[in-house]
Amino acid sequence: FSGSAGGGSSYEALGGGVYVSNGAYLTMEGGAAIQSCAAENTAEPGKACGGGVYANIFKEITLEGTARIEQCRAANGSGMHLTGTEERLFPGWGMLRANGGTVSGDVVLGDRVGYPCTVRGTGKTAFTGTVTVEPGSTIETGDFRGEVINNGTLSGGTFSVLEKIQDFPPGGVSQRLQSLL
């Protein structure tokens, strides 16, 4: 699949390839591909999110087999931009099952406090761009070959090189990981 979402007004451009919302599921398996998609906003470029996939208040996204998201563009999350939901209202929502495939491009996990996302699964999905983990969001598994900017929780996964550790927020740990690629 290839496509685009765009706008020339103050509204956000969300999901150049796929927009997932309101408790929906998305499963990409086999050789399924989202490629060459773009979320663009000519009036306010910073409001373009999720070049490949934008998900807001979603239940679950699963990547398996050789599925891939590649060559997509957006100011925020060129590969994927994922916003979960309030855990107290919908426990278990905002789940990315990393069971295979590749996400080439940047990924944003949870862009608002209280709307976290979690990466779970077999860990066979390769993430090759920058992954930003926002407060409340968690990485439990996955193969992270690019930079990881962590303001949430890293409890598992394979990461390339640890570049820097600093306290952020107070009492928490922020890790910035950079690949050797």
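Structure's up top.
None of these values were measured; they are calculated from a predicted model.

**Some words on the packing of aromatic side chains**
The geometry of an aromatic ring pair is captured by two quantities: the separation of the ring centres and the angle between the planes. Summed over all chains, the structure comprises four aromatic pairs. With a centroid separation of 4.7 Å and 5 degrees between ring planes, the pair formed by Phe127 and Phe144 is classed as stacked. Placement of Phe127 in strand β16 (residues 126–127) and of Phe144 in strand β19 (residues 143–144) is noted, with a sequence separation of 17 residues between them. Per residue, the accessibility class of Phe127 equals that of Phe144, and both read buried.

**So, unusual backbone geometry**
With a phi angle near 50 degrees, Ile57 is a residue other than glycine that sits in the positive phi range. With phi around 55 degrees, Gln71 is a residue other than glycine that occupies positive phi space. Tracing the chain through its elements places Gln71 in the loop between β10 (68–70) and β11 (80–83). Accessibility expressed as a relative area gives 56% for Gln71, which makes it exposed.

**Structural notes on the sheet that holds β10**
Across the sheet, six strands lie side by side as β5-β10-β13-β16-β19-β22; this open sheet has parallel pairing. The two strands at the open ends of the sheet, each matched to only one other strand, are β5 (33–35) and β22 (158–159). By the bridge criterion, two bridges tie β16 to β19 in an arrangement that is parallel. Along β19, the bridge assignment pairs Ala126 with Asp143.

Thresholds, definitions, all that
Residues numbered from 1 in each chain as written. Predicted model: local features only at pLDDT ≥ 70, side-chain atom pairs only at ≥ 80, totals over all residues. Heavy atoms only, no water. Phe/Tyr/Trp six-rings, centres within 6.5 Å; stacked < 30°, edge-to-face > 60°. Helix = DSSP H or I, 4+ residues; strand = E, 2+ residues; numbered from the N terminus. Buried < 20%, exposed > 50% of the residue type's maximum accessible area, 1.4 Å probe, protein only. Pairing = 2+ DSSP bridges.

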